[in-house]
Amino acid sequence: MNIIGVVGGVGPFAGLDLTSKIFTQTMARGDQDHLPVAMLSFPEKIADRTEYLLGQVAVNPARAVSQIILQLENLGAGVVAIPCNTMHAPEIFDVLQSLLKQRGSRTELLHMIEEVTGFIRAVFPGIYRVGVLSTTGTWKTGVYYHALERAGLMPVVPDEDLQEKVHQAIYNESYGIKAVSRPVSHKANHQLVDAAHLLKQKGAEALILGCTEISLAFSQPSLAGMPLFDPTWI
């Protein structure tokens, strides 16, 4: 059996979260029934995805991630997932695919965003207006916006002021989820819940937790009557 590869370090708790969810969703009677998984977490090697998209750092994180994927492939990984929504912005993901092709990689690389939109269409066909909470990098590049439109769905996204509050709930160095992960700080949780309610007021019928760290703040399946879509679960 091929190994499932997980690119960790984007951020570190996101990789751990995905690996945990793989185990949780596996129907196993004992240790031996679980699937083989390999996670490599080298956060110091991977430039911040949002900072790259916003022009704050010059190094495309695709290069470091491609090296990690090749290491996972050498370990026997037949399929690899990257638990970071922002990594799937075309400015990063397209370069990553090109680098892997140049190196002759044969592993299957999942596309988180396309998996999410496909899931919504298949499992929730009655939903049309879909809200998105994400990092500013994902928001600014329209990663989910364009994917939802291609899937025939209407994206509902924050305005600039609300987006800054969502971004701070993730990135703020004193209370953001990347700094305070287990448990998530009350302030970060409060800002995300407020943002969710505001997107509902704008017409959202469901909500994508479009940053892997956001799922650490929401363990419930719904909020204010809206289904919550966790891309890591999907």
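Look above for the structure.
Residues numbered from 1 in each chain as written. Predicted model: local features only at pLDDT ≥ 70, side-chain atom pairs only at ≥ 80, totals over all residues. Heavy atoms only, no water.

**Brief notes about the packing of aromatic side chains**
Right, so step 1: Considering all chains together, one arrives at three aromatic pairs under this definition.
Right, so step 2: Ring pairs connect the aromatic residues Phe 119, Phe 124 and Phe 229, which therefore count as one cluster.
Right, so step 3: Lys 45 extends its terminal NZ or CZ atom over the ring of Phe 42, reaching a point 4.6 Å from the ring centre.
Right, so step 4: Sitting over the ring of Tyr 171, Lys 178 keeps its end group 5.3 Å from the ring centre. (Phe/Tyr/Trp six-rings, centres within 6.5 Å; stacked < 30°, edge-to-face > 60°. Lys NZ or Arg CZ within 6 Å of the ring centre and 35° of its normal.)

**Some thoughts on the sheet that holds strand E6 (residues 154-156)**
Right, so step 1: Sheet architecture is open: five strands sit in the order E6-E5-E7-E9-E8, paired in mixed fashion. Two strands lie at the open edges of the sheet, namely E6 and strand E8 (222-223), each paired on one side alone.
Right, so step 2: Pairing analysis gives four bridges linking strand E5 (residues 129-133) to strand E7 (residues 206-209), with the strands arranged parallel. Pairing of Val 130 across the sheet is with Ala 206, part of E7. (Pairing = 2+ DSSP bridges. Helix = DSSP H or I, 4+ residues; strand = E, 2+ residues; numbered from the N terminus.)

**Section: the packing of helix H8 (residues 160-171) against helix H9 (residues 186-201)**
Right, so step 1: At a minimum axis distance of 9 Å, the contact between H8 and H9 shows a crossing angle of 145°. Of the two possible hands of crossing, H8 and H9 adopt the one that is left-handed. Where H8 abuts H9, its residues Leu 162, Lys 165, Val 166, Gln 168 and Ala 169 lie against Ala 188, Gln 191, Leu 192, Ala 195, Leu 198 and Leu 199.
Right, so step 2: Each residue belonging to the contact of H8 with H9 can be placed in one class, and the counts come to eight nonpolar, two polar and one charged. (Axes fitted to C-alpha atoms, helices over the stretch in contact; angles between N-to-C directions. Left-handed = near helix turned anticlockwise from the far one by under 90°. Contact = heavy atoms within 4.5 Å. Nonpolar A, V, L, I, M, F, W, Y, C, P; charged D, E, K, R; others polar.)

**Observations concerning the pattern of salt bridges**
Right, so step 1: Throughout the structure, instances matching the rule amount to five salt bridges.
Right, so step 2: Between Asp 230 and Lys 21 there is a salt bridge, and its shortest N-O distance comes to 2.4 Å. With Asp 230 in the segment after strand E9 (226-229) and Lys 21 in helix H1 (residues 12-24), the pair connects residues that are 209 residues apart, well separated along the chain. Across the pair, exposure class does not vary: Asp 230 and Lys 21 are buried alike.
Right, so step 3: Residue Asp 33 pairs with Arg 29 through a salt bridge whose shortest N-O separation is 3.2 Å.
Right, so step 4: With relative accessibility at 81%, the residue Arg 29 sits in the exposed group.
Right, so step 5: Linked through salt bridges whose partners overlap, the residues forming this network are Asp 17, Lys 21 and Asp 230. (Salt bridge = Lys/Arg side-chain N within 4 Å of Asp/Glu carboxyl O. Buried < 20%, exposed > 50% of the residue type's maximum accessible area, 1.4 Å probe, protein only.)

No statement about biological role is implied by the geometric values presented.
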